[in-house]
Each structure stands twice: as structure tokens, then as C-alpha cells.
Amino acid sequence: MTEHIIVERRGAVQIIRLNRRDKRNAITRAMYAAMAEALAVGDADPEIRVHVFLGVPGAFSAGNDLTDFMEVAMGGESGSEVWDFLAALAKAEKPLVSGVDGIAVGIGTTLNLHCDLTFATPSTVFRTPFVDLGLVPEAGSSLLAPAILGYQRAFALLALGEGLTARQARDAGLIHAVVEEDQLETEVLAAAARIADKPPEALKIARELMRGPRDEILARIRHEGEHFKARLKSDEARAAFTAFMDRKKS
Ligand code: COA
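Residues numbered from 1 in each chain as written. Predicted model: local features only at pLDDT ≥ 70, side-chain atom pairs only at ≥ 80, totals over all residues. Heavy atoms only, no water.

> Looking at this structure, how should I read the pattern of salt bridges?
Opposite charge on two side chains permits them to pair, given that their charged atoms come into close proximity. Counted according to the given criterion, the structure contains 12 salt bridges. The partner of R10 in a salt bridge is E8, and the shortest N-O contact between them spans 2.7 Å. Its relative accessible area of 41% is what places R10 among the partly exposed residues. Owing to a relative accessible area of 27%, E8 belongs among the partly exposed residues under this scheme. (Salt bridge = Lys/Arg side-chain N within 4 Å of Asp/Glu carboxyl O. Buried < 20%, exposed > 50% of the residue type's maximum accessible area, 1.4 Å probe, protein only.)

> What exactly am I supposed to notice about unusual backbone geometry here?
Among all residues except glycine, the phi angle is most often negative; among peptide bonds, the trans geometry is most common. A positive phi angle, near 55°, is found at R24, a position not held by glycine. Structurally, the position occupied by R24 is in the loop between β2 (13–18) and α1 (29–44). In this structure R24 comes out as partly exposed when scored by relative accessible area, which is 47%. (Helix = DSSP H or I, 4+ residues; strand = E, 2+ residues; numbered from the N terminus.)

> What is the right way to read helix α5 (residues 141–149) from this model?
Think of an α-helix as turning once every 3.6 residues; residues three or four places apart then point the same way. For α5, the complete set of buried residues consists of S141, L144, A145 and L149. Along the axis of α5, the buried residues cluster in a sector spanning 100°; they form a single face. Looking at the buried residues of α5, the elements they touch are α4 (107–110), α6 (151–158) and α10 (215–232). (Arc of directions from axis to C-beta. Contact = heavy atoms within 4.5 Å.)

> Explain the packing of aromatic side chains here, please?
Aromatic ring pairs are reported here in terms of the distance separating the ring centres and the angle at which the planes meet. Evaluation of the coordinates by the stated rule reveals 5 aromatic pairs. The interplanar angle of 35° and the centroid separation of 6.1 Å between the aromatic rings of Y151 and F155 together place this pair among those described as tilted. Placement of the pair is Y151 and F155 together in helix α6, with a separation of 4 residues, close to one helical turn. Members of the aromatic cluster, joined through ring pairs, are Y32, F53 and F85. Against the face of W83 rests R222, its NZ or CZ located 4.1 Å from the ring centre. (Phe/Tyr/Trp six-rings, centres within 6.5 Å; stacked < 30°, edge-to-face > 60°. Lys NZ or Arg CZ within 6 Å of the ring centre and 35° of its normal.)

> Even after reading the chapter, I still don't get the site of the ligand, so can you show me in this structure?
Taken together, the neighbourhood of the ligand is formed by 17 residues, with K23, A62, L66, R247 and K248 sitting nearest. Here a nitrogen atom of the ligand sits 3.1 Å away from a polar atom, N or O, in the main chain of N64. A distance of 2.8 Å separates a nitrogen atom of the ligand from a polar backbone atom of L66. The cavity where the ligand resides is the largest pocket. Along the lines of polarity and charge, the residues of the shell around the ligand split into 8 nonpolar, 2 polar and 7 charged. (Near = heavy atom within 4 Å. Polar contact = N/O pair within 3.5 Å; in protein donor to acceptor, adjacent residues only side chain to side chain. 1 Å grid on protein atoms, 1.4 Å probe; cavity = no way out; pocket = protein on both sides within 12 Å on 5 of 7 lines; lining within 4 Å. Sits in = over half its atoms within 2 Å of the grid points. Nonpolar A, V, L, I, M, F, W, Y, C, P; charged D, E, K, R; others polar.)

Next comes the structure, spelled out in C-alpha cells:
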């Protein structure tokens, strides 16, 4: 579907790799669609027991592609790919593990709020500049981040756009562990293999008990999405996107 998402199977582990190096793994509509598809296919396949998200060295993701945002800001249609992916993420029936190195902006941060285990490297910074872009939190982060981090840390992250280093994220409960860059994928895949070795039925129930019903989170993603779509067409957002596009012009 797109060469920017590579889906690979290693035994019972499905790896979904963001692979758009030249754009720091900014996520296009085609990439959201490919990730939603991979989650659906993996969830439906009894041989897959865990999904793993990985990026490229130095970039997990720079967030939503701002060119795509600009198109919507200028009157284009936003499409259903983002919603399809976020719904698949929130409803994923198999555990989600992520390995984050370097850039983790916007959805590159909020995706991890849905993961069961996230590993990140010392050079990682989690950042969500939604408000600076004239936007609002997405992916259920307005519900999940206050629950995980406490309100004030969530406010600093989501509203002020203050970054969290990997160690701060670990201490705040946002991620599971900090590992060196050259160990990231080994540790992530070892954790995925440990998950895949657990009795799947017991694990499924344990996970469902801990995550709770999905209705509230799906409703929040939809509610955020309504605001988000409206904000994309706001003067504040248009000005921020234009500033990003023009930043390299002298
Ligand atoms: N959407 C589209 N393109 C993006 C992008 C995004 N979110 N993030 C980075 N890119 C592109 C840049 O335009 C640049 O493309 P070019 O080489 O054709 O000019 C390329 O990726 C490299 O980015 P650059 O800014 O030169 O790299 P950097 O290492 O100096 O900075 C970031 C990396 C992520 C800090 C910076 O690119 C950035 O702030 N990006 C926007 C992040 C963002 O606001 N995301 C939306 C969150 S909701």
C-alpha cells in the first residue's frame, strides 16, 4: 500500500515499522491506512500474538504530515484514515509494544499512550505541540494522559507543548523502560516474545480488565476529532502550518 510502512512477521510477533526517513517518519494518510490494516489483519490472525511499533534510528515519528494538514486547512477533505487507525489502536485485541528512538512528536507520542509496553532511548523526547499549532490533543490523549501522568504533567505536555525526555517519561509512568539505542530493538523484541509466550486467553482477559471498556476512549477520540477537524481550518492553525512550511526560506 505504501513503502513507508513495513509490516513484517517474526513468529508470533507482527512488526509495524514507520519507514519514511527523509521526512522524520511524518505520517501520511496512506501510512495511517497501512497501519490500521496491519492491526486488523494481525488481530484477526490467531498466529499473531503481539503487535510491535518501531521507527527508524533517530525518528519514531515527527507526527502527522503537516503538508496533509495544510491541504485540509486550505479546504481539502480530511478522510477517514486517521480515525480508522486510532480506532484500530484503541480497540487492538492483541498487546501493543513500541520502541521509540529520537523524535516522537504528536501522534509519535500519543500512540504510545495506547501501548502496553513502550521502550525509549536516552535521546528520545516526547513532545505534543498541539496548541502551538492551533490544534487540540488527539488519539484519546486528553483522557489517557491525565489518567497516566496526572493532570498537571498532562497539561504541561499537551497544552504547553513541554517535552518529556525518556527518563522523565519513565518516571511519570508514560513508558516502561529506557534502553540504549543499540539495544532498543533487541529489548523490544525480547519483551514481545515474552508476551507471545504467555497463555493467550489469560493474557487477553488480564489486558481487558486493565484497559477497561473501549467505549469511553473511542467516544473521546471521536470528540477530539471533531474539534481537531474544525481547528485545522482555523486561522491559528493555518498560520502555524505556513510558518513550518516557510521556515527554511531565507
Ligand atoms: N510533516 C511533514 N514534513 C515533516 C514533518 C511533518 N510533521 N516533520 C519533518 N518533516 C520534514 C521536513 O519538512 C523536512 O523535509 P525537507 O528535507 O524536504 O525540507 C524533513 O522532514 C526533515 O525535517 P527537519 O525539520 O529538517 O529535521 P530536524 O531534525 O531539523 O527537525 C523536527 C525535526 C521533527 C523537530 C521538525 O521537523 C519538526 O518540528 N517537525 C514538525 C513536527 C510537528 O509539528 N508535527 C505535527 C504534530 S501534531
